[in-house]
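# Observations on the three-dimensional arrangement
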Number of protein chains: 2
Amino acid sequence: MISPEVKEQFKAIVGDKWVLDRPAELYAYSYDATPMYQALPDAVVLPASTREVSGILQLADTHRIPVIPRGSGTNLAASAIPVHGGIVLNLNRMNQIHEIDTRNLTATVGPGVVTASLHQAVETLGLFYPPDPGSMRISTIGGNVSQGAGGMRGLKYGVTKDYVMGLEYVLPSGDILRCGGKNVKDVAGYDMTRLLVGSEGTLAVITEITLKLLPLPDTKRTLVAFYRNLVDAAKTVEAIIAAKIIPATIEFMDQGTMKVVDEFARLGLPLEMKSMLLIEQDGPAEVVDRDIERIAQMAKANGAAGVEVAGSPEEGAKLLTARRAALSALSRLKPTTILEDATVPRSRLADMVEEVERIADRYGLQICTFGHAGDGNLHPTCMTDERNREEIERVERAFEEIFHAAIRLGGTITGEHGVGLAKKDFLHLKVGESGLELMRRIKAAFDPNGILNPGKMFAASKRRRWVVKR
Amino acid sequence: MISPEVKEQFKAIVGDKWVLDRPAELYAYSYDATPMYQALPDAVVLPASTREVSGILQLADTHRIPVIPRGSGTNLAASAIPVHGGIVLNLNRMNQIHEIDTRNLTATVGPGVVTASLHQAVETLGLFYPPDPGSMRISTIGGNVSQGAGGMRGLKYGVTKDYVMGLEYVLPSGDILRCGGKNVKDVAGYDMTRLLVGSEGTLAVITEITLKLLPLPDTKRTLVAFYRNLVDAAKTVEAIIAAKIIPATIEFMDQGTMKVVDEFARLGLPLEMKSMLLIEQDGPAEVVDRDIERIAQMAKANGAAGVEVAGSPEEGAKLLTARRAALSALSRLKPTTILEDATVPRSRLADMVEEVERIADRYGLQICTFGHAGDGNLHPTCMTDERNREEIERVERAFEEIFHAAIRLGGTITGEHGVGLAKKDFLHLKVGESGLELMRRIKAAFDPNGILNPGKMFAASKRRRWVVKR
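Every value quoted in this text rests on a predicted model; they were computed, and no experiment measured them. (Residues numbered from 1 in each chain as written. Chains lettered and ligands numbered in written order. Predicted model: local features only at pLDDT ≥ 70, side-chain atom pairs only at ≥ 80, totals over all residues. Heavy atoms only, no water.)

## Some words on the sheet that holds strand β16 (residues 336-339) of chain A
All names here are of chain A. Note the cut-off: Two strands form a pair only when DSSP identifies at least two bridges running between them. Counting from the N terminus, the helices are DSSP H or I runs at least four residues long and the strands are E runs at least two residues long. All axes here are fitted lines through C-alpha atoms, helices being fitted over the stretch that makes contact, and every angle between N-to-C directions spans 0 to 180 degrees. Only heavy atoms enter the contact rule, under which two residues are in contact if any of them lie within 4.5 Å.
One open sheet accounts for seven strands, arranged β15-β12-β14-β13-β17-β18-β16; its pairing is antiparallel. On the outer flanks of this sheet lie β15 (306-309) and β16, each paired with one strand and no other. In this sheet, neighbouring strand axes are inclined to one another by 15° on average, regardless of whether the strands run parallel or antiparallel. Taken together, the nine bridges between strand β12 (residues 219-227) and strand β14 (residues 275-283) define a ladder with antiparallel strand orientation. Each bridged residue has a counterpart across the sheet, and for T219 the counterpart in β14 is G283. Of the strands in this sheet, β16, β17 (366-372) and β18 (377-384) are in contact with helix α14 (residues 389-408), which crosses β18 at around 170°.

## Things to note about the UniProt feature "domain: FAD-binding PCMH-type" (unreviewed entry) in chain A
Test applied: UniProt positions are given in the numbering used here, feature names are shortened, and annotations may be inferred rather than shown by experiment.
Residues annotated by UniProt as "domain: FAD-binding PCMH-type" (unreviewed entry) correspond here to residues 37-216 of chain A. As a span, residues 37-216 of chain A carries 21% helix and 24% strand, and end to end its C-alpha atoms are 39 Å apart.

## Structural notes on the pairing of strand β13 (residues 249-254) of chain A
Residues and elements named next belong to chain A. Heads up, the rule is: For every residue, the accessible area obtained with a 1.4 Å probe (protein chains only) is divided by the maximum for its type, and the residue is called buried under 20%, exposed over 50%, and partly exposed between those limits.
With six of six residues buried, β13 lies mostly within the body of the structure. Burial of the side chains of β13 extends over both faces: T249, E251 and M253 are buried on one face and I250, F252 and D254 on the other. Across six bridges, β13 lies against β14 in antiparallel orientation. Bridge pairing in β14 places D254 opposite S275. Across three bridges, the pairing between β13 and β17 is antiparallel. Among the inter-strand pairings, M253 is bridged to a residue of β17, identified as F370.

## A word on the interface of chain A and chain B
Spelled out, the test is: The term buried area means the drop in 1.4 Å probe accessible area that two parts suffer when joined, counted for both and summed. Criterion for a salt bridge: a side-chain nitrogen of Lys or Arg within 4 Å of a carboxyl oxygen of Asp or Glu. In the analysis that follows, any N or O atom pair within 3.5 Å is treated as a polar contact, provided that within protein one partner can donate a hydrogen and the other can accept it, and provided that, for residues neighboring in sequence, both atoms belong to side chains. Put simply, Ala, Val, Leu, Ile, Met, Phe, Trp, Tyr, Cys and Pro go in the nonpolar bin, Asp, Glu, Lys and Arg in the charged bin, and everything else, Gly too, in the polar bin.
On the side of chain B, 78 residues touch chain A, which itself brings 78 residues to the contact. Summing both sides of the interface, chain A and chain B together bury roughly 6,300 Å²; the carbon and sulfur share of this comes to 57%. It is A:K185, A:V187 and A:Y190 that lose the most area in chain A upon contact with chain B, and together they represent 16% of the buried surface on that side. Note that A:K185 is salt-bridged to B:E416, the shortest N-O span being 3.0 Å. Applying the counting rule to chain A against chain B returns 40 residue pairs in polar contact (both at pLDDT 80 or more). Among the elements that make up the side of chain A that touches chain B, the one with the highest residue count is helix α15 (residues 427-446) of chain A (twelve residues). In terms of residue class, the side of chain A that touches chain B is built from 32 nonpolar, 27 polar and 19 charged.

## Details of the pattern of salt bridges
Across all of its chains, the model carries 62 salt bridges over all chains by this definition. Here B:R387 makes a salt bridge to B:D385, at a shortest N to O gap of 2.9 Å. One connected set of salt bridges, linked through shared partners, spans A:E99, A:D101 and A:K182.

## Digging into a nonpolar patch on the surface
Selection rule: Like-charged residues are merged into a patch within 9 Å and nonpolar side chains (Val, Leu, Ile, Met, Phe, Trp, Tyr) within 5 Å, provided each residue has over 30% relative accessible area and no salt bridge. Where accessible areas are quoted, they stem from the Shrake-Rupley method and a 1.4 Å probe; at the residue level, only the protein chains shown are allowed to cover.
A surface patch of nonpolar side chains, amounting to about 330 Å² of accessible area, comprises A:Y27, A:Y31 and A:L40. Along the polypeptide, A:Y31 turns up in the loop between α2 (23-28) and β2 (43-45).

## With respect to the relation of the copies chain A and chain B
Here is the rule: When the copies are superposed, the least-squares fit takes in the C-alpha atoms of residues with a pLDDT of at least 70 in both.
Overlay of chain A on chain B (RMSD 0.0 Å): rotation 180°, translation along the axis 0.0 Å. The symmetry that links the two subunits is that of a two-fold axis. Most of the interface of chain A is mirrored in chain B: 100% of its interface residues are interface residues there too.

## Considering helix α4 (residues 115-123) of chain B
Residues and elements named next belong to chain B. Condition: In this description, one arc is meant: the one made by directions from the helix axis to the C-beta atoms.
Residues T115, A116, L118, H119 and V122 constitute the buried set of α4. An end-on view of α4 places all buried positions within 155° of arc, on one side of the element. Against the buried residues of α4 lie β5 (97-101), β6 (106-109), β7 (127-128), α5 (141-147) and β10 (205-212).

## A few points about the packing of aromatic side chains
Note the threshold: Centre distance within 6.5 Å is the pairing criterion for rings of Phe, Tyr and Trp, where only the six-membered ring of Trp is used; planes under 30 degrees apart are then read as stacked, over 60 as edge-to-face, and the remainder as tilted.
Counted by the stated rule, this structure contains ten aromatic pairs over all chains. A centroid spacing of 5.2 Å and a plane angle of 90° characterise the contact between A:F128 and A:Y157, whose relative ring orientation is edge-to-face. With a gap of 29 residues between them, A:F128 in strand β7 (residues 127-128) and A:Y157 in helix α6 (residues 154-157) connect regions that are remote in the sequence. According to the relative accessible area criterion, A:F128 is buried, its value standing at 3%. Overall, A:Y157 belongs to the buried group, its relative accessible area being 15%. Between A:Y190 and B:F458, the ring centres sit 5.4 Å apart and the planes meet at 80°, which makes this aromatic pair edge-to-face.

This is how it looks when you write it as structure tokens:
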């Protein structure tokens, strides 16, 4: 609970209308895109400037009030749930594109800028910001940076962390700091920039972001390949990499995902097939043409039952949009859709998909798998119903096995969604108990009173798989 | 001082012959490649395995003995000087290439692997490890990672930090940890991998490194352009980027550097010119040909007095080798050569070169400037004589002004060499006092007793610009 006096002080910082505390408002900030996690904040505060963020943090730190930084709330790890109450710090008013620097190929933006609007802004200048998380039409750059968001172009272009060059950030003390900047090379001290990327709001509040841009590729082309089994799809991916071709995107869908995506987007996919690959290459036209032709040959040579090259950029875009709709499409099937993010080295892709199928069978669950085959980042997605306690119990056990399988195959518990609440009980599998302890000490170096997004990532807690407060 | 009993314990861990403490041996480890810094260690210990490193660290931590991890000692920031005594931990025996994984495009190596030998090993498989620090024929991967080394391909390919995917590391407690791995996407907890890259041995001892590889580009071509002034060279660089071409390398040399390089390598450069650019592009043949032709046109359009395209790969390689020899060539002129590493955003390149010229004039010093024009990373290099106390005093003041100028232009005090002892009194210019304080707290989270490479980077100390102990 926040006392009326302190609430007045928050209002004095941001203005009356930017402190929300009516029940409907609190309810709207009690969840993010992760199913089955919910908790009410005590207030929502919407600052308009770094100075206001500094004032808010100082005040919250003094009174030991939890602060949960948040963008559009599209995250899938329950990282934005105010599980210990306190204030949700909505940064969406700080949504200015401050500068697109065409000489240094950088963009400097507020954390509230929507990802797709940055794409648009830079593309009109012939520039390119590659990270394209699934939620890019809604998600904010601040959220992308905080969660270390990925997307479909990870294989060739890397992910959000590879594009963050500099940050302005505010500590709980209210201190405003900067790290990195526009320099391609910079080794002055520890790499605070990269430490903050993916820290899920537990270390500092990010108030300005300088991103690296690339020249926009001249052209792109898309192909799809359909397979009667899983292994041949994986073998095709292997063959492409072995041929030293790095496509912009290699997406994978299993039969279950193909069915719902086809029903949703009316693509006319051959639904008797067991899996498909969706491959995009971009770059200079002659290189793209050559790569696409070779990829088509390799798909056939590795057992594809059908290969189609998109006839036009529009057709290619339609296919990619359909793939992006996989989560939405799957979520129409059942009341609750739990999307996971287990990731393995590319060479273990087929093994992992098969593991997921075995586990789903064993627990009698409907799990579809799609994801980024080029970078081994899979999204096993379970269609269930949270009101069915017995089934949810099986879902929990199945995902626990999936995480263990990913680790056993040299993978990780999360490729691009983050740890948040949803995976905090599994982080030790990847980083070990010593690693957890070290992260807690780093957290304390930034946030000695533990006010920033408490309870997330590695917070010591008794085992509590799901926090459902309804 | 290390007691005879403790020395015996070190010998019990690594074997008698791998603990060195004769005066000539200690002397050999009293310096690195940075002029004017020297201090004797109490012993040198050469472990052969992670387990041995763990034992050494535990023992050193118990007895509060400083540990200075070291590779080949090519660093230029005095990061490997045992300024508080203790043991130099030479990791060069851990020089195995454990694996080159052609399916996942990774290499896993010990810290003692020499950079150029990794280049060779992966290139025979058609793969590519882009980071190419100037000292690559001598430097080790462990040293490159610890210093965050750069090189000539930073503009297009990034630097060492962009290729480190996973690490095994040992804490002073002796705990052996792992972070990252072979997954292209991985957001499980804080990005410890990147925090350790560039940490200069102050946080942990790195015992194994997993690196990202790329397909080896099909071909490369080189051109040189000569200018009657500085501004036109900088304008050419701007024009290339504005045309959305990202060459693999854009190197800059001023007239002074051209003269000594020409004398050293007998290239027949037009020495009446004020500056030159050396540009390499790599990739598919048709793209390289087109880019090189357009770059040649842009150089001419922006005032180049002469443009020459290398007729063969051998001729191109000869030009790049000559540029790599710049430091060696310059160091023949005077007894002491101090190479700096000031870096600015690419758009401020000409401003920075002019600043350096003005500062050199004002202090009556001979400073040549060369460096990586594509990424704004310059190496103003002063030819002096450390025995001339009065001149050294001027050198100090000049470099201090150069650092201030870099910061004023939005740059940084070090692009690729690190902070070490040489720049620790200037780090606050870039990261601020709060940033320094935060880094000290992070250091304490890893190394509570402060045994790892003490005195470096941000160590609180009274102002002490040069530590010369001879």
